[in-house]
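Summary of structural features
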Amino acid sequence: EKYGYDSLAIGDTVLGEYAFGDCHTIASINIPEGVTIIEDIALGWTYIHDVKLPSTLKEIGEDVFSCMYGEAALYIPDGVEILGDDLAYQTGIRSLRIPGTVKVVPEYAFECSPFLKTVILEEGIERIEGSAFDYSGMLSEITIPSTVTYIGEYAFAGCPSLTTIDFAPNSQLQEIVERGFYDNAGLITITIPETVTSIASDVFTECPKLVEIINLS
């Protein structure tokens, strides 16, 4: 039975595909210690506003939080290593934290999250793939960890409120792919770390207020 719950606690090591997908009346869910994998679309297309993730979690599949309009904050616990593509596409989340145990922020992970304003990326993350944060309408600033070496196509594109992009000290960034920061209407200045060896075309196209690019490389 998928409908009619206000809250739910579960127990197992794997939360399977579509486990609670499209359950419109579940308000909260507590995923207990011991669960290591959440499979694809397990919580997608719901109005859950309170999700508790266990410290034992290692892998979160594709579309697990997609179109989950009620959740205000998503804090991925330390120890998680793998995030699936389209992880939280078009959600209502407002704040996000990704630990350094996650090495790759996948494609389309948080695309079209119109209320996403605060993003904390921890040291240890190595790649931010294409369209990971594009069209995050309220995202105003982002700090790229020093461990990130690659920023993919459209990774931070179409974020009209984004005015500040900082790179942590001792940045190891090597490559920014085409349109990595495309169509950011509020971006004014950016400093490229000295370690960068490749900046593709159109990285800053359609950034009308961008008046200064300091290229330390």
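Read on for an overview of the structure. (Residues numbered from 1 in each chain as written. Predicted model: local features only at pLDDT ≥ 70, side-chain atom pairs only at ≥ 80, totals over all residues. Heavy atoms only, no water.)

**Side note on the overall build of the protein chain**
Here is the rule: Numbering of helices and strands runs from the N terminus, with a helix taken as a DSSP run of H or I at least four residues long and a strand as a DSSP run of E at least two residues long. Radius of gyration here uses only the C-alpha atoms, and the compact-globule reference equals 2.2 Å multiplied by the residue count raised to the power 0.38. In what follows, residue pairs with any heavy atoms lying within 4.5 Å of each other are defined as contacts. This count recognises Lys and Arg as positive and Asp and Glu as negative, with His and chain-terminal groups excluded. Working definition for charges: the position is that of NZ of Lys, CZ of Arg, CG of Asp or CD of Glu.
The helix and strand tally for the protein chain stands at zero helices and 19 strands. The C-alpha atoms of the protein chain give a radius of gyration of 18 Å, which matches the 17 Å a tight globule of 217 residues would have. Long-range contacts, defined here as pairs at least 24 residues apart, represent 25% of the contacts in the protein chain between residues at least 6 apart. Averaging the locations of the 10 positively and 34 negatively charged side chains of the protein chain gives two centres separated by 5 Å.

**Some points on the sheet that holds strand β16 (residues 175-176)**
This is how the line gets drawn: Between any two strands, pairing holds if DSSP finds at least two bridges.
Across the sheet, which stays open at both edges, the five strands sit in the order β10-β12-β14-β16-β18 with parallel pairing between neighbours. A strand with exactly one partner marks an edge of an open sheet, and here the two such strands are β10 (104-105) and β18 (198-199).

**So, the packing of aromatic side chains**
Inclusion rule: By convention, a stacked pair of Phe, Tyr or Trp rings (six-membered ring in the case of Trp) has centres within 6.5 Å and planes under 30 degrees apart, an edge-to-face pair has planes over 60 apart, and any other such pair is tilted. Only protein chains enter the area calculation, which uses a 1.4 Å probe; residues under 20% of their type maximum are buried, those over 50% are exposed, and those in between are partly exposed.
In total, this model carries five aromatic pairs according to the counting rule given. When the ring of F110 is compared with that of F133, the centres are 5.4 Å apart and the planes differ by 15 degrees; the resulting orientation is stacked. Taken together, the positions of F110 in the loop between β10 and β11 (118-121) and F133 in the loop between β12 (127-128) and β13 (141-144) put the pair 23 residues apart, joining distant regions of the chain. Judged by its relative accessible area of 0%, F133 is buried. Between the aromatic rings of F156 and F181, the centroid separation amounts to 5.7 Å while the plane-to-plane angle is 10 degrees, which identifies the pairing as stacked. Placement of F156 in the loop between β14 (150-151) and β15 (164-167) and of F181 in the loop between β16 and β17 (189-192) is noted, with a sequence separation of 25 residues between them. With relative accessibility at 0%, the residue F156 sits in the buried group.

**Some words on the environment of L74**
Mapped onto the secondary structure, L74 falls in strand β7 (residues 73-75). Since its relative accessible area comes to 3%, L74 is described here as buried. Sequence separation between L74 and S201 is 127 residues, and the spatial gap between their C-alpha atoms is 33 Å.

**A short note on the environment of G158**
Looking at the secondary structure, you find G158 in the loop between β14 and β15. With relative accessibility at 7%, the residue G158 sits in the buried group. Counting along the chain gives 64 residues from G158 to R94, while the straight-line C-alpha distance between them is 17 Å. If we ignore the near neighbours within four places in the chain, the residues touching G158 are Y135, S136, Y182, D183 and N184.

**Here we look at the nonpolar core**
Convention followed: For the purposes of this section, nonpolar cores are sets of buried Ala, Val, Leu, Ile, Met, Phe, Trp, Tyr and Cys residues that join through side-chain atoms within 4.5 Å.
Of all hydrophobic cores here, the largest spans 60 residues; its most connected members are L43, F65, I98, F110, F133, F156 and F181. Listing elements by their share of this core, those giving two or more residues are β9 (95-98), β11, β13, β15 and β17. Sequence-distant contacts of F65, that is, excluding residues within four places in its chain, are made with L43, V51, L53, I60, L74, L87, A88 and T91.

**Examining the pattern of salt bridges**
Between side chains of opposite charge, a pair can form as their charged atoms come close. Note the threshold: The salt bridge criterion pairs a side-chain nitrogen of Lys or Arg with a carboxyl oxygen of Asp or Glu, the two atoms within 4 Å.
Summed over the entire model, instances satisfying the criterion amount to seven salt bridges. With a closest N to O distance of 2.6 Å, D78 and R97 form a salt bridge. On the criterion of sequence distance, the pair formed by D78 in the loop between β7 and β8 (82-83) and R97 in strand β9 is long-range, its members being 19 residues apart. Take D78: its relative accessible area is 49%, and that puts it in the partly exposed class.

**Quick look at the pairing of β9**
The two faces of a sheet get side chains in turn, since along a regular strand they alternate between them. Side chains of β9 alternate between two faces, with S95 and R97 and L96 and I98 buried alike. Direction of pairing for β7 relative to β9: parallel, over a ladder of three bridges. Directly across from L74, in β9, lies its bridge partner L96.

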